Amino acid sequence: MKKIAVFTSGGDAPGMNACVRAVVRTALYHGIEVVGIRRGYRGMIDGDFVPMTSYSVSNIIGQGGTILKSARCDEFRDIKWRKVAYDNCVKEGIEGLVAIGGNGTFTGAELLMENFGIPTIGCPGTIDNDLYGTDYTIGFDTAVNTALDAIDKIRDTASSHDRVFFVEVMGRDAGFIAMQCGIGGGAEKILVPENPDSIDDVIATLKSGGENEKPSHIVVVAEGEEIGNAHFIAQKAKEALPNLDIRVSNLGHIQRGGSPSAIDRIIASRMGIAAVEGLLEGKNNVMSGIIDDKIVYTSFNDAINKKKALDVDLIKMVKILNS
Ligand SMILES: Nc1ncnc2c1ncn2[C@@H]1O[C@H](COP(=O)(O)OP(=O)(O)O)[C@@H](O)[C@H]1O
Ligand SMILES: O=P(O)(O)OC[C@H]1O[C@](O)(COP(=O)(O)O)[C@@H](O)[C@@H]1O
């Protein structure tokens, strides 16, 4: 293999730059040329390639976002546009790809291989941590710490004003962020899509200890929660408990930004090195993840289709810790 390309796709995540840096420097270390594709599959279709040198990834390990930019590109779902993307890669002399993203990104890479045959290794880059085949995804740890910091601050007002806050955190289909920042932030209740919840249960929690005894509560709601979003649940709680002073805070995209934590920089670097070395060993259509602190390659098929279990037993902790 003489030349490979690296790109970031889907949502950005803190640590993606550390991964790009690792991919570029590992390729150069092994004497392989490397180009960056800007804006993921969008740039592959547009032929937006940039040569990467060791210098081009200097001083980015601590930067949030992604220097290669990211995008969601619906055209790539159509084989006609995948052919355009493939032809651009061939014209550029690209023989292998490192895709940093989530399961949509890996689905696109798998199809590109299936249709036209271009080997890809993925690095799990999403704050949601919802990829099978790795204990942690790049960006998750930073996102949890950002959400935790926000919850700590919200608790100051909750406590000073005796208010109940419903805090919505990201996680389109998964409750990993909610679970971690909820436990770490001492939330009185955590609502995640992996666990069946009910409005009655939320109301019972808010009443526990007497409606006036502990009027300040934090309820963390994962974006993907099945009973509804934080505004909907807060509205229902307000109807049932009109004496409580209830507010909603949606943390939104602050969770996707900022300087990556040490953990994110380190796992991103390890996964990036493993991706390039995996390509050189002839691996293909696999994700380089970390399980029990060891690099593990998982097929895209499993990473995409198997569901990573959230330990919902942790919710029991919340009850104990609030007794
Ligand atoms: N079924 C699919 N077929 C082809 N490309 C896809 C498919 N699903 C996703 N992609 C490509 O991957 C990109 C990123 O996927 P998305 O689901 O938005 O983020 P993530 O990679 O973080 O899961 C999409 O914008 C699209 O270009
Ligand atoms: O910024 P956008 O494109 O609206 O995406 C929001 C989504 O991105 C995420 O932050 C991460 O999603 P990805 O796995 O697709 O990167 C989700 O938690 C959230 O639902």
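Quantities reported herein were computed from a predicted structural model and do not represent experimental measurements. (Residues numbered from 1 in each chain as written. Chains lettered and ligands numbered in written order. Predicted model: local features only at pLDDT ≥ 70, side-chain atom pairs only at ≥ 80, totals over all residues. Heavy atoms only, no water.)

Caption draft 1: Looking closely at the pattern of salt bridges. According to the stated counting rule, one finds 19 salt bridges in the structure shown. Asp74 is paired through a salt bridge with Arg77; the nearest N and O atoms lie 3.2 Å apart. The pair formed by Asp74 and Arg77 is uniform in burial state, with each residue classed as exposed. Taking the shortest distance from any N to any O, the salt bridge between Asp149 and Lys153 comes out at 3.0 Å. Of the two residues, Asp149 and Lys153 both sit in helix α5 (residues 140-160), four residues apart, roughly one turn of that helix. (Salt bridge = Lys/Arg side-chain N within 4 Å of Asp/Glu carboxyl O. Buried < 20%, exposed > 50% of the residue type's maximum accessible area, 1.4 Å probe, protein only. Helix = DSSP H or I, 4+ residues; strand = E, 2+ residues; numbered from the N terminus.)

Caption draft 2: Molecular detail of the pairing of strand β2 (residues 33-37). For β2, a buried count of four out of five residues is recorded, marking the element as mostly surrounded by other parts of the structure. Taken together, the five bridges between strand β1 (residues 3-8) and β2 define a ladder with parallel strand orientation. Across the sheet, residue Val6 finds its bridge partner in β2, namely Gly36. Where the polypeptide runs from β1 across helix α1 (residues 16-29) and back to β2, its parallel neighbour, the crossover connection is right-handed. In this sheet, strand β3 (residues 49-51) lies alongside β2 in antiparallel orientation, the contact comprising three bridges. Across the sheet, the residue bridging to Gly36 is Val50, located in β3. (Pairing = 2+ DSSP bridges. Right-handed = clockwise from strand over helix to strand, strands pointing away.)

Caption draft 3: Structural view of the sheet that holds strand β8 (residues 217-222). On the basis of which strands lie adjacent, the open sheet formed by four strands has the order β7-β8-β6-β9 and parallel pairing. Looking at which strands have only one partner, the edges of the open sheet turn out to be β7 (189-191) and β9 (245-250). Between one strand axis and the next, the sheet turns by 20° as a mean value, whatever way the strands run. Of the strand pairs in this sheet, strand β6 (residues 163-169) and β8 are connected by six bridges, and their pairing is parallel. Looking at the pairing, Val167 lines up with Val220 of β8. Its contacts with the sheet put α5 on β6, β8 and β9, and the angle it makes with β6 is roughly 165°. Packing against the sheet, helix α7 (residues 199-207) makes contact with β6, β7 and β8, and its axis sits at approximately 165° to β7. (Axes fitted to C-alpha atoms, helices over the stretch in contact; angles between N-to-C directions. Contact = heavy atoms within 4.5 Å.)

Caption draft 4: Seen up close, the sheet that holds strand β11 (residues 294-299). Reading across from one edge, β3-β2-β1-β4-β5-β10-β11 is the order of the seven strands in this open sheet, with mixed pairing throughout. Here the strands that pair on one side only, and so sit at the sheet edges, are β3 and β11. Strand-to-strand twist in this sheet, taken as the mean axis angle between neighbours without regard to direction, amounts to 30°. As defined by bridge partners, strand β5 (residues 120-124) adjoins strand β10 (residues 286-291) across two bridges and the pair is classed as parallel. Bridge pairing in β10 links Gly122 to Met287. Running over the sheet, α1 touches β1, β2, β4 (96-101) and β5 and is turned about 180° from β1.

Caption draft 5: Representation of the packing of aromatic side chains. This structure, assessed with the given rule, holds five aromatic pairs. Measuring from centroid to centroid gives 5.9 Å for Tyr136 and Phe140, while their planes differ by 15°, and the two rings are stacked. The partly exposed category is assigned to Tyr136, whose relative accessible area is 43%. An aromatic cluster of at least three residues, connected via ring pairs, comprises Phe7, Tyr41 and Phe76. Over the ring of Tyr297 we find Lys283; its NZ or CZ atom is 4.6 Å from the centre of that ring. Positioned above the aromatic ring of Phe176, the side-chain terminus of Lys308 is 5.3 Å from the ring centre. (Phe/Tyr/Trp six-rings, centres within 6.5 Å; stacked < 30°, edge-to-face > 60°. Lys NZ or Arg CZ within 6 Å of the ring centre and 35° of its normal.)

Caption draft 6: Layout of the UniProt feature "binding site: ATP" (unreviewed entry) in the chain. What UniProt calls "binding site: ATP" (unreviewed entry) maps, in this numbering, to Gly11, Arg72, Cys73, Gly102, Asn103, Gly104 and Thr105. Of the residues just listed, which span 95 residues, no C-alpha pair is farther apart than 13.8 Å, and they cluster in one region. Tracing the backbone shows Arg72 in the loop between β3 and α3 (79-92). Topologically, Cys73 is positioned in the loop between β3 and α3. In contact with Cys73, other than residues within four places in its own chain, are Tyr41, Arg42 and Ile45. (UniProt positions renumbered as here; feature names shortened; annotations may be inferred.)

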